[in-house]
Structures are given as structure tokens and as C-alpha cells.
Amino acid sequence: MALTEYRYSDVIHRCFRCGYCKFPTSFIEVNNCPAYARYRLESYSTGGRLWLIRAWLNDELDWSEHLGEIVYSCAACKNCAEQCPLPFSDDIVDMIVAAKGAMVERGSVPSAVKEFLENVDRQGNPYGTARSKRGEWMEGTGIQEYDGQEFLYYVGCVGSYDTRAQQVARALGRVLQKGGVSFGVLGDRENCDGNDVGKLGEEGLFEALAEENIRQFKDLGVSKIVTLSPHAFNAIKNDYPRLDGTFEVRHYSQLLRDLVRAGKLDVSSGFKAKVTYHDPCFLGRWNAEYEAPRDVLRAVPGVELVEMERHRADALCCGGGGGNFYTDFLGGSEDSPSRIRVRDACATGASIVATACPNCLTMLEDAVKAEGLDDRLKVMDISEIVGEACQARGS
Amino acid sequence: MYELRFDERKCLGCQTCDCLTKCQYMDIDVETAKTEMRKIINGEDSFVLRQCVTCYACEEYCKKGNHPFYLIVERQEELDIPPLPRPLIKQGVQMGVPWRGELVVQDVQEPFLDMCMFPQLAGSIQGKLFDSVSIAPTDARQRAHFFCQLMYLHYARSSVIRERLPQVIENIARHNVKEVICFHDECYGTFASYAPAFGIEVPFKPVHFFEYLYNRLVDLKDDIKPLNLKVAYQRPCSSRLSSDKLHLVDDIFDLIGVESVEREYVGENALCCAGAIRMQKYEGRYELADDVLRRNIEDMVRAGTQFCVFNCPACFDSIGHVVARSGMNPIFMGDLCRLAVG
Amino acid sequence: MDSICQSLAEIVGEGHVSNRPEELYIYSRDLGTAEPHLPRYVVAPRTTEEVQQVVKLANREKIPVVPLGGGLTLAGLVMPLRGGIVLDMKRMDSILEVNERARYALVEAGVSQGKLVAYLNTHHPTLVHSEPGAPGQATVAGNVAIHGQGDLAQPYGFNSDMVNGLEVVLPTGEVCRIGSCSLAQQWFTQHPLPDLGLFLGWCGTTGVITKVSLRLFPRKRIRDMGMFVLEDGDLVPDILYRISHTEMAGDLIAWSQELPVTVSGLHNISIFISGDSEEELELKRKLIRVGILGEYIHSGVGGLVGLSANVRPRLPRRPPVSTIQDIKKGGGFEYVGAIMPVDTYPECCRRGAEISARHNIAYTLLGRVIGRSHAMMFSWSYVFNRADEDSVREAREALYESDDLALELGGIPWKPGVYGQQAVMERMDPNTLSLMKKVKKLLDPNGIMNPGNWEVS
């Protein structure tokens with residue numbers, strides 16, 4: 001694809017590299033772009049990335065594995081879009097995704113990305129683990145397969161296959177059961193939602209996945225979906241409709257809030273801890289949902305909710321987006337965004353950092369270990385906290 | 001080409017000279033008023049031309065509909081006695097120049113709401129009250145094409161109004177609507193008062209925003225939950241050009257279950273926001289603006305006002321924060337009505 | 001990786017050095033109109049010791065070193081004109097100390113303006129530094145290194161006048177401390193020690209600044225502002241002089257722009273004040289509004305918006321957020337700033353508007369008062385479309401003309417690019433030039449520090 005064919009050819013040169021994209025609103029730290037935080041070289045900032053993309057499309061730079069890594073190190077966290085003061089700010093992440101698409105088209109992608117996409121294509125998940133094992137997480141839970149219940153509980157790839165995230169998938173299932181929610185899961189019939197595939201620039205594969213999912217959901221008569229992961233929430237809410245797939249979709253934190261408010265979920269046993277909440281990008285900046293998870297936490301007796309300095313729209317991404325939970329372009333350093341984030345969490349004095357995303361959960365847990373903070377900070381999903389609060393007194 | 005349709009015989013034969021004797025800012029007896037009006041009619045200088053703070057009220061006071069305020073502004077311009085410093089006049093006049101592209105005629109149906117210079121307030125035009133309303137402009141870059149121009153009465157630049165208004169009217173008319181609801185009181189005043197006073201044809205019927213609100217509230221009567229609030233209406237200067245519509249304020253308040261507080265500065269005696277007064281060049285105008293504002297706010301507070309209700313975005317911008325820091329809630333009338341119907 | 005790259009990696013860690021095309025590309029390019037110049041290596045150190053080792057290696061190998069902060073001078077000062085190492089200082093971004101009683105902040109060279117503003121807001125709300133108005137990633141050290149000015153310029157002068165001390169790595173690799181810190185005391189003053197001001201204004205050509213102790217000032221609780229509008233630019237110098245006499249104002253900026261149309265053909269004076277109480281503010285407002293501006297208002301030549309307890313001020317964010325770079329939808333913007341006598345404001349505007357018109361760029365002119373009208377920083381700004389070579393060329397030519405204009409009107413281009421530097425040096429006293437050359441030779445015998453800039457031939 002030449003620059004003239006690139007969808008944003010009339011916009012990409014407008015980046016001035018002023019650097020607002022590196023900061024949160026308060027300017028308290030310059031490392032609010034996860035890739036720039038990790039590498040602290042201008043090439044990895046959003047502005048640097050856009051200039052490099054333009055240079056590549058303009059044949060001023062040849063493709064290299066390093067260029068691929070720079071472009072794919074973007075976690076699609078949207079801090080840049082949030083902070084850029086210019087009229088095209090909403091398009092910034094799309095510009096980078098479009099460049100990734102150009103790389104996919106040319107067959108020039110880093111090997112880890114290639115692996116991710118091939119695994120999804122073959123086995124419906126980035127890990128490459130057999131489809132037949134996708135439903136194993138639900139064994140022994142009593143959770144039913146979807147067969148016309150009110151909600152389809154869509155688990156997603158991370159929740160289905162990652163051993164730690166499977167615990168969360170089960171925890172949420174139990175909470176939904178306790179709340180009397182009528183729901184079912186797809187088990188090994190479930191396929192990748194495609195969110196991260198799209199953000200990796202493989203639009204063709206994304207559409208194929210989405211269309212297949214839409215067909216499946218419609219055939220099963222699904223109208224309401226509750227997702228474990230904000231990534232799936234984002235794809236189903238924002239991208240599926242243009243492929244004729246419109247469903248009433250909620251992230252689980254929104255459903256839990258409704259259940260607690262309606263008195264259908266008894267959390268009176270409480271959970272005594274100082275908790276700080278990490279805003280997942282695909283729930284927060286992508287979908288402006290900052291309050292539902294907090295409302296759920298605040299409703300649990302004993303939870304003392306404290307905020308990190310960078311929270312809500314200013315949250316520092318864990319670095320797991322854009323496929324990076326698998327490709328790991330942002331790992332391996334004390335400057336990795338996930339490690340910075342757990343240090344932020346520790347600084348609040350909280351003993352728990354709560355998440356509402358299985359990607360964030362796994363990224364932050366690994367970071368706690370790497371930082372040697374195991375004895376001071378625990379990472380828990382909100383569903384696990386709520387689960388404990390429903391636990392005693394036979395609730 | 002357009003001239004003020006002013007009948008000097010009505011003025012010269014007037015025994016009360018209400019336009020000047022009722023002025024809230026000048027202490028003038030009838031004889032002095034007659035003398036000064038004669039000078040003004042004759043195109044001569046008069047202290048009135050300097051002491052006028054451009055509150056528009058004399059347009060209402062004149063029971064003969066003879067447009068004394070428009071005449072004052074004409075003379076201020078002819079004699080080069082503008083109330084504002086020249087740089088502010090230049091800035092103000094330039095503000096109304098469309099420079100962000102040609103007019104884009106929008107696809108609208110009636111009921112059609114003209115937002116004038118305030119498309120940024122379109123967020124208030126939603127919900128049951130407005131569910132079938134089309135608005136224009138929706139793009140802030142288009143707003144100068146819809147700008148009613150009337151604010152130049154504060155600038156002694158009636159000529160600018162006459163120069164630009166016909167095109168603005170044409171811009172609106174190109175949307176093929178028979179009736180135009182005017183979001184801002186000033187637009188209504190432009191089409192219903194100023195244009196006819198100068199013989200400028202208006203090919204559509206201007207509808208006062210409060211008239212639309214009232215009629216719509218009547219339609220939605222069963223949905224109204226009385227708000228049970230004590231409110232004061234901040235009457236804008238342009239309301240003086242449509243005093244026949246002022247009753248709609250209380251009519252709306254009655255429908256939505258709010259009580260208009262008993263206060264001194266209400267109706268004909270209302271105080272403007274003084275935003276224009278503050279910018280004027282004459283000595284003491286800054287302090288006068290502060291004084292007008294102080295009296296207005298104290299009056300509202302004394303009367304137990306909970307919500308101060310606005311029509312005019314300029315008033316809101318000018319004194320909304322002062323209202324808030326005085327312990328009252330500033331709110332637009334449309335938003336208050338939306339609260340009542342849900 | 002060649003052997004030098006390997007040596008650099010051993011100093012800073014492999015992840016913090018690059019000689020790959022992508023980094024070389026990015027670091028070869030300035031945000032302004034300057035032509036690109038490729039470095040050989042990009043290095044991002046974390047400590048003074050790492051800087052020291054890099055500089056020693058560069059000296060041994062005779063490789064140029066160009067320190068880089070935020071890269072927002074826009075004049076090409078941080079581009080490697082002769083290749084070599086670009087030293088990205090931004091990893092050194094710790095705020096080391098804020099001494100409230102002595103009112104100073106000790107920061108590493110890579111601390112950004114934005115971070116310092118945020119840090120003081122949160123932890124030391126009674127203190128403030130002179131914030132220059134560039135995007136927040138501009139560095140404190142970079143700003144003092146170029147004699148920058150900020151929003152406390154009118155009361156307190158240049159930001160470089162607010163330096164209590166420096167830590168620098170000399171081109172030959174020694175680490176020096178300038179000021180009271182050289183006695184291992186607090187970093188609270190440079191005086192009364194012999195003046196070693198060899199690093200400010202030198203734009204990284206005499207060493208690498210690694211730490212700055214910067215004076216802080218009282219931060220008042222409430223800010224207010226007014227805008228005084230004039231048609232006649234000839235009135236501006238007198239008004240600025242008289243306002244600065246009151247000693248009541250903070251930042252004082254006179255500006256004139258062609259766009260938006262609302263402000264075209266006018267001159268505006270932005271007057272900022274602050275106070276700890278409404279009474280304090282009201283006194284300041286009255287002294288300025290009534291005492292100084294009143295006569296201009298009453299004669300109708302000036303109009304005031306704001307400076308009232310009853311008018312909501314439109315205060316810019318701190319640090320401010322700029323969108324000027326997108327005016328031509330081209331992502332490009334550069335300006336000539338010059339330190340000018342305040343009295344030259346009208347002529348700077350008139351001639352600046354002519355230059356802009358000649359190059360098809362809407363004029364954008366601004367003068368920030370420094371000290372009590374001792375001088376002003378006047379800027380002629382030119383936006384351009386980075387994707388259009390003609391647009392870039394027009395802007396570049398306008399910038400050169402503006403450099404010449406500044407000198408013609410008796411001022412001095414501030415942080416000029418090579419063109420402006422040459423123009424300044426051509427007019428400089430020969431003995432002064434000679435002294436500059438001696439200083440440079442003494443400190444940098446191998447000529448490795450940012451060569452090509454401020455080179456006395």
C-alpha cells in the first residue's frame with residue numbers, strides 16, 4: 001500500500017509530535033503511553049510511530065522486524081486519542097491499526113503477531129490450544145450451555161484458556177448463579193470475538209470471526225450478551241453492528257451493578273480490604289464506563305476504595321491490549337507498563353488491585369511477581385471480590 | 001436602503017415620554033425628556049446618547065411602538081457616539097463574519113429550531129419536549145450564517161445589522177420552513193420587531209421559544225411532575241422587544257409547578273445582566289455593572305430563589321457563575337422544562 | 001551492532017541505545033522546518049554517571065554529542081548537524097528535592113515542564129515555577145539552557161535567571177557543580193561565587209546539563225485575567241510599561257493575530273493577576289483597570305474584557321494545550337522568537353504582518369514582557385503543511401526574514417537555528433566572539449558538543 005492508498009493519507013502528516021499523547025490529563029508522569037513507558041525512545045511514542053508509519057508508506061523507510069515491533073507495540077489503549085488536542089485525535093488508534101493492516105497485507109508482520117493470527121485462524125484462540133478444550137474451564141461448575149436463556153455469558157479466549165483467568169470465568173459464573181441470572185455459555189462452541197485480531201490489523205479475519213459469531217448468536221436466538229472481557233464487550237458493542245450483528249451487550253460489571261441495586265445479589269458478608277481499581281482500556285477509554293465497576297466495589301461492605309493517581313480516563317494501560325498479552329512487546333523490564341501500574345497500585349496503600357478484565361488480571365499478576373510485591377499486593381477480579389462477599393451465611 | 005419606520009409626530013405628541021422618564025439608568029423628568037427627544041429626532045447631540053446603557057427597555061416602555069431605542073442607536077452611529085470602545089466594536093463586528101465555509105443548507109423539517117450562534121447548546125434540545133424538532137446550525141462553523149446580528153444594537157452599529165440581516169434571513173428561508181422557532185429571544189426580537197421596524201421582509205413566521213415550550217408542555221401535560229421550586233427569571237434585554245410574550249414565562253412556570261418568587265426587579269422593572277454595560281467606555285460603567293448585578297442577585301436571594309432561569313446564553317455566560325456562587329442554580333428554561341417532563 | 005554501539009550498550013543497557021534506521025530517522029528530524037540530519041546513535045541515559053561515560057567515550061572516539069530534552073525549540077538545535085550521538089535526556093526525569101523554605105526545586109535534566117507543574121500542584125501547592133507555555137514534554141533543563149521564559153517572566157525575568165545551581169558533565173567528562181551545591185550545601189544560590197555561567201544560552205555546546213536547581217515562587221490561590229483590546233499597536237509599549245510599573249501583574253502578553261477573523265487587525269494585551277484573597281485581587285484589578293487602563297477606555301481607544309470579580313476569567317490550562325500547529329492542517333509550526341526592546345512592538349507587528357503576507361501565512365505575533373518592561377520575547381510564528389514542500393519552504397524563508405528583522409530592529413534572535421546564529425555572530429563585538437571561542441575551546445577541545453551550533457569561525 002502506498003501512502004496515497006492509505007486511508008489516512010490526508011491526516012497522518014498532521015501529527016506535530018508535540019507529545020501530549022505521552023501524558024495523562026494531569027501531566028503527572030510522562031509515561032502514560034505504555035509503549036513509550038517501556039522504551040522511552042521517541043520512535044515508540046505515538047507521534048514517533050505515526051511519523052515512522054508515514055515514512056514507511058512513503059518509501060523513506062524499509063520494513064524491518066524492528067519497525068514491525070514499534071508499530072505493533074501499540075497496545076491500542078487510546079491514551080493518545082484521549083490527550084491529543086487536535087481534530088483528528090479520534091482517528092489516531094485507527095491510523096495505527098490501518099498501518100498494521102498494511103503490514104498484514106504485505107505479509108510483513110513480526111513473527112509473534114503472525115503466530116497470534118494463525119492460532120486464532122486455526123483454533124479460534126491466540127494460544128493455539130485446541131478448540132475442543134475451550135469449554136474445560138466450566139467443568140464442575142454446573143454452568144449450563146446456552147439454550148435460550150436470557151443471557152449469553154460470553155467468556156472470551158483469555159477467560160477460556162488462561163489458567164488464572166479461568167478462575168475468574170468460574171467466579172463470575174458462580175456470582176451470576178447466585179444472582180439468579182438466567183444465562184448459558186457456548187463452551188467449546190465459542191469462538192474468538194476478534195477484537196484484538198482487528199486491532200492487529202487483520203480486518204479480513206476479524207470480519208470472518210465476527211460474521212461467524214453473529215450467525216451463531218442469531219441461530220441460537222441470542223439477544224442479550226454479558227461479557228467477561230471488555231475486549232469482547234467492545235467488539236460486540238461497537239464493531240458487530242456494522243456487520244449486521246446488533247445485540248444488547250453489557251460488560252459484567254454493569255450487570256452486577258444492576259443486580260446489587262435491585263437486591264438480587266446479597267453482598268452483605270462483605271470483603272474487608274483497601275482496594276484500588278485499575279480501569280481496563282476497553283471498558284474505560286474505549287467505552288466510557290468508569291463507574292459501574294466502582295459502584296459494584298463501593299456496594300460491598302468492608303471495601304475501602306482508593307484511587308491511583310492516574311485513574312479513569314487517565315489510567316495507565318497494563319500493556320496487554322493490541323494482542324500484547326500474547327506478543328509481549330512491552331514486557332521484560334521494570335519500565336514495562338504493567339510493572340509501573342502495580343507500583344502505582346502499591347503507592348495507594350491498597351492490598352488489592354481490582355480488575356474487570358482478564359487481560360489486565362494476568363498482566364498485573366505477572367507484574368506483581370516480577371516486582372516482588374507478592375506479600376503486599378494481590379490482584380483480584382471484581383467478580384472474585386463479589387464472590388467472596390456473597391460467600392458466607394449461606395448466601 | 002432600509003430605514004427606521006419612525007413617526008416623529010407620535011414622539012412629539014407624546015405627553016409622558018415613558019421611554020426616557022421610566023429609564024432605570026437616567027433620572028429624567030418629562031420636560032427634559034421632551035427636550036432631549038426633540039434633539040434626537042432632529043439628529044442633534046443629546047446627553048441621552050451617552051448615558052444610554054443600551055438595555056433595550058425603552059422599546060417596551062414606549063406604548064406607541066415608535067422604537068425609541070432603535071432611534072437612539074441610529075443617532076449614536078450617525079453622530080459617532082458609540083457606547084463601546086472602538087476596538088471592541090471592531091472585534092464584535094468581526095465576530096459575525098462567516099469565514100469557515102459557505103452555508104450548508106441542512107435537511108430539516110418542522111418544527112424547526114434556529115440555534116443562531118449557539119449550536120453548542122444543542123445538547124439541551126433532546127428528550128420528549130423536542131423529539132421531533134430539527135435544528136440548524138448543528139455545526140459550530142456554520143453559526144455565523146444564522147447569526148441574527150441584533151447584538152450590534154449595543155455597539156451603535158445598526159448599519160451592520162441591516163447590511164447582514166437580509167442574507168441571514170435568506171439563509172434560513174432556504175431551509176424551506178414556514179415557521180422558525182427562535183432558540184434565543186434576541187432572534188425572535190430581530191424577526192418580529194427589528195426587521196419590521198426597518199422594513200426588512202421576513203418570509204417565515206418567527207415563533208418564540210417559550211411559545212413552543214408552552215404548547216409542547218400542554219401536549220405532554222400528563223407527563224409533567226411538578227417541580228415545586230422557587231424560581232426567578234433573568235429577563236434578557238432582548239425580551240423588551242417581545243413584551244407580548246413575557247406572560248409565557250409565568251404560563252410555563254404554572255404548568256411545571258414552579259413558583260415565581262416575589263421580587264422587586266421583575267417585569268418592566270427587570271434588571272439586565274449588565275454584560276454590555278461593563279464593556280462601555282464611560283467612566284463609572286464598570287462599577288455600574290457591578291452595582292446592577294449586585295442588586296439583581298441580592299433581590300433574587302432575598303426572595304428565596306432556588307433556581308435562576310435563563311433564556312439568553314449571553315446572560316448565562318455573563319452572570320451564571322455569580323448566580324451559582326450566590327447559592328442559586330442557574331438553568332436554561334428549556335432544561336427546567338425537561339426536568340419537569342422527564 | 002558496531003563496537004561503539006556495543007560500548008554504548010554496556011553503559012546504558014542494550015534497550016536504551018539504538019543505531020537502527022527507525023530511531024535514526026526519528027531523531028534526525030526536528031519538528032520545525034530544518035532539514036534532517038542523521039545521527040549515528042541514539043542513547044537514552046538514566047544517570048549522570050552514564051552521561052559521563054558516554055561523553056568520555058565520545059571524546060575518545062571524537063564523536064559529536066547532542067543533548068536532547070523535549071525537542072521543542074523548533075529551530076533545529078537538537079539535530080545532529082555532524083552526526084554522532086543524540087543523547088535523549090528524558091529518562092533522567094526524577095524530581096530530586098523541593099525545598100519549600102528556600103523555594104527551589106532540584107530536578108534531573110529530563111524532568112518535563114508538565115511533570116513539574118503537576119508535582120507542585122499536588123505536593124507543594126503554595127509554590128509555582130515559571131512555566132513556558134510549550135507543550136508539557138518540554139524539559140526544565142532544556143528551557144533554562146536556551147534562556148527560556150515563562151509565565152512569571154514579567155515579575156521575575158528569564159527562566160535562566162531563576163537558576164540556583166547546575167550539575168553538568170563537561171565535554172571532557174568531568175562532572176561539575178555550579179553554585180552553592182559545589183560546596184555540598186543546599187542548592188539555593190549561585191551567588192556570591194565566581195560566575196561560571198558557561199552553560200546557559202550555549203544550547204548544549206559546552207556540556208551536558210544533568211541537574212538544575214530552579215527557583216520557585218509564591219503561588220497564590222486565585223488567578224484572574226483580563227484582555228485589553230486595542231486597534232492602535234503604537235499604544236501597546238506605553239501600556240505595558242505603565243502596567244509593569246504597578247508591580248501588580250503577573251504574565252503580560254501583547255499579541256496580534258490574523259485568525260480567527262474576530263481578532264484580525266487588533267492588538268490584545270493579556271493581563272494575568274493572582275492573589276490569595278478577593279481583596280488582594282480587587283486591589284490589583286483596580287490599580288490596573290482604573291489606574292492605568294481607565295484613560296484608554298474612556299477615550300474609547302481600548303476596551304477591557306475581564307479583570308472583574310464578576311467576570312469569569314478564561315484562564316489557559318497550566319501547562320497550556322496548544323493547537324496552533326494544526327491551523328494549516330499540516331502539523332507544522334515554527335517561530336522566530338527574539339529578545340526585543342518593548343518599544344519595538346509596533347514595528348515588529350507591522351513588519352511581521354508584511355512578512356507573513358508575502359509568504360501566504362496568516363500573521364501570528366506575540367510579545368511577552370520580561371522583567372519590568374526590561375525586554376520582551378517577541379515571536380513571529382509560521383504554520384506550515386509538512387506534507388507540502390512549498391509550504392515548508394515559504395515558512396523557512398519567512399523565518400529567515402524574521403531573524404534578519406529582529407536584528408534590524410535592535411533585538412537578538414532567541415535560540416536561533418544556524419542561520420540566525422550566523423547572523424548574530426556577524427554583528428557581534430569581535431572581542432566577545434573571541435571570548436566565546438576561547439570558552440568553547442577550553443571546555444570542548446575536541447569540538448564534540450553539538451557541533452555546527454554557535455561555532456565561531
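Reference entry: report on the structure contained in this document. Bear in mind the structure is a predicted one, so any value in this text is a computation, not a measurement.

**Thoughts on the state of the cysteines**
Here comes step 1: Applying the stated criterion to the full structure yields zero disulfides over all chains.
Here comes step 2: Among the cysteines around C33(A), which has no disulfide bond, C77(A) carries the closest sulfur, lying 6.2 Å off.

**A few points about the interface of chain C and chain B**
A common way to express how large an interface is: the accessible area buried when the components associate.
Here comes step 1: Facing 30 residues of chain C, the contacting portion of chain B comprises 25 residues.
Here comes step 2: Taken together, the links from chain C to chain B amount to three salt bridges.
Here comes step 3: Salt-bridge contacts for R314(C) lead to D317(B); the nearest nitrogen and oxygen are separated by 2.9 Å.
Here comes step 4: Applying the counting criterion to the chain C and chain B interface returns 14 residue pairs in polar contact (both at pLDDT 80 or more).

**Structural notes on the packing of aromatic side chains**
Remark: the centre distance and the inter-plane angle together describe each pair of aromatic rings, the angle taken between the planes.
Here comes step 1: Applying the stated rule across the entire model yields 37 aromatic pairs over all chains.
Here comes step 2: A ring pair is formed by Y39(A) and Y44(A), whose centres lie 3.9 Å apart and whose planes are at 15°; its orientation type is stacked. The two residues Y39(A) and Y44(A) agree in class, both being buried.
Here comes step 3: Between F130(B) and Y212(B), the aromatic rings sit 6.0 Å apart at their centres with planes inclined by 20°, giving stacked as the arrangement. With a gap of 82 residues between them, F130(B) in the loop between β1 (112-114) and β2 (134-136) and Y212(B) in helix α10 (residues 209-219) connect regions that are remote in the sequence. Just as F130(B) is buried, Y212(B) falls in that class too.
Here comes step 4: Following the ring pairs from residue to residue traces out a cluster consisting of F130(B), F183(B), F209(B), F210(B), Y212(B) and Y233(B).
Here comes step 5: Over the ring of W286(A) we find K78(A); its NZ or CZ atom is 4.4 Å from the centre of that ring.
Here comes step 6: For the cation-ring pair, K415(C) lies above Y335(C), with the distance from its terminal atom to the ring centre recorded as 4.1 Å.

**What about a nonpolar patch on the surface?**
Here comes step 1: A contiguous nonpolar surface patch, about 250 Å² in accessible area, is contributed by W99(B), L259(C) and I327(C).
Here comes step 2: Inspection of the secondary structure puts W99(B) in the loop between α7 (86-95) and β1.
Here comes step 3: A residue is classified by how much of its surface remains accessible, and W99(B), at 35% relative accessible area, is partly exposed.

**Description of the nonpolar core**
Here comes step 1: Of all hydrophobic cores here, the largest spans 285 residues; its most connected members are Y153(A), I271(C) and W380(C).
Here comes step 2: The biggest single contributor to this core is helix α5 (residues 92-106) of chain A, with 10 residues.
Here comes step 3: Each residue touching W380(C), except ones within four places of it in the same chain, is listed here: E334(C), Y335(C), V336(C), A338(C), M340(C), C348(C), G352(C), T364(C), L365(C), S402(C), L405(C) and A406(C).
Here comes step 4: Counting 127 residues, the second-largest nonpolar core is a separate cluster that includes C19(B), L213(B), C237(B) and A274(B).

**Topic: the interface of chain C and chain A**
Here comes step 1: With 46 residues of chain C at the interface, the matching set in chain A holds 41 residues.
Here comes step 2: Summed over both sides, the interface of chain C with chain A buries roughly 3,600 Å², with 59% coming from carbon and sulfur.
Here comes step 3: Considering only the side of chain C, the residues that lose the most area to chain A are E22(C), Y25(C) and I26(C), jointly responsible for 18% of the buried surface there.
Here comes step 4: Salt-bridge contacts for E60(A) lead to R29(C); the nearest nitrogen and oxygen are separated by 3.6 Å.
Here comes step 5: Counting across the interface, chain C meets chain A through 19 residue pairs in polar contact (both at pLDDT 80 or more).
Here comes step 6: Grouping the constituent residues of the side of chain C that touches chain A by class yields 17 nonpolar, 15 polar and 14 charged.

Rules used throughout
Within any chain, residue numbers begin from 1 and follow the written order of that chain's sequence. To label them, take the chains in the order written and letter them from A, then take the ligands in the order written and number them from 1. In keeping with the model being predicted, local features are shown solely for residues with a pLDDT of at least 70 and side-chain atom pairs are shown and tallied solely at 80 or more, while totals for entire chains, interfaces and linings include all residues. Side-chain measures here rest on the full set of heavy atoms in the structure, leaving out hydrogens and waters. Only a pair of cysteine sulfur atoms within 2.5 Å counts as a disulfide in this structure description. By definition, residues are in contact when any of their heavy atoms lie within 4.5 Å. Salt bridges are counted wherever a side-chain nitrogen of Lys or Arg sits within 4 Å of a carboxyl oxygen of Asp or Glu. Polar contacts, as counted here, are pairs of nitrogen or oxygen atoms within 3.5 Å of one another; within protein the pair requires one atom able to donate a hydrogen and one able to accept it, and residues that are adjacent in sequence qualify only if both atoms are side-chain atoms. Side-chain rings of Phe, Tyr and Trp, where Trp is taken by its six-membered ring, are said to pair if the distance between their centres is within 6.5 Å; with planes under 30 degrees apart they count as stacked, over 60 as edge-to-face, and otherwise as tilted. Whether a residue is buried, partly exposed or exposed follows from its accessible area with a 1.4 Å probe, protein chains only, as a fraction of its type maximum: under 20%, in between, or over 50%, in that order. By the criteria applied, helices consist of DSSP H or I runs no shorter than four residues and strands consist of E runs no shorter than two, each listed in order from the N terminus. Look at NZ for Lys and CZ for Arg. If either is within 6 Å of the ring centre and within 35 degrees of the ring normal, a charge sits over the ring. Patch membership requires more than 30% relative accessible area and the absence of a salt bridge. Residues of like charge join within 9 Å; the nonpolar side chains Val, Leu, Ile, Met, Phe, Trp and Tyr join within 5 Å. Per-residue accessibility takes into account occlusion by the displayed protein chains alone, with areas from the Shrake-Rupley method and a 1.4 Å probe. Among buried residues, the Ala, Val, Leu, Ile, Met, Phe, Trp, Tyr and Cys ones that are joined through side-chain atoms within 4.5 Å form a nonpolar core. The buried area of a pairing is the accessible area, by a 1.4 Å probe, that goes missing from both parts when the two are put together, added over both. Throughout this entry, Asp, Glu, Lys and Arg are counted as charged residues, while Ala, Val, Leu, Ile, Met, Phe, Trp, Tyr, Cys and Pro are counted as nonpolar. The remaining residues, Gly among them, count as polar.

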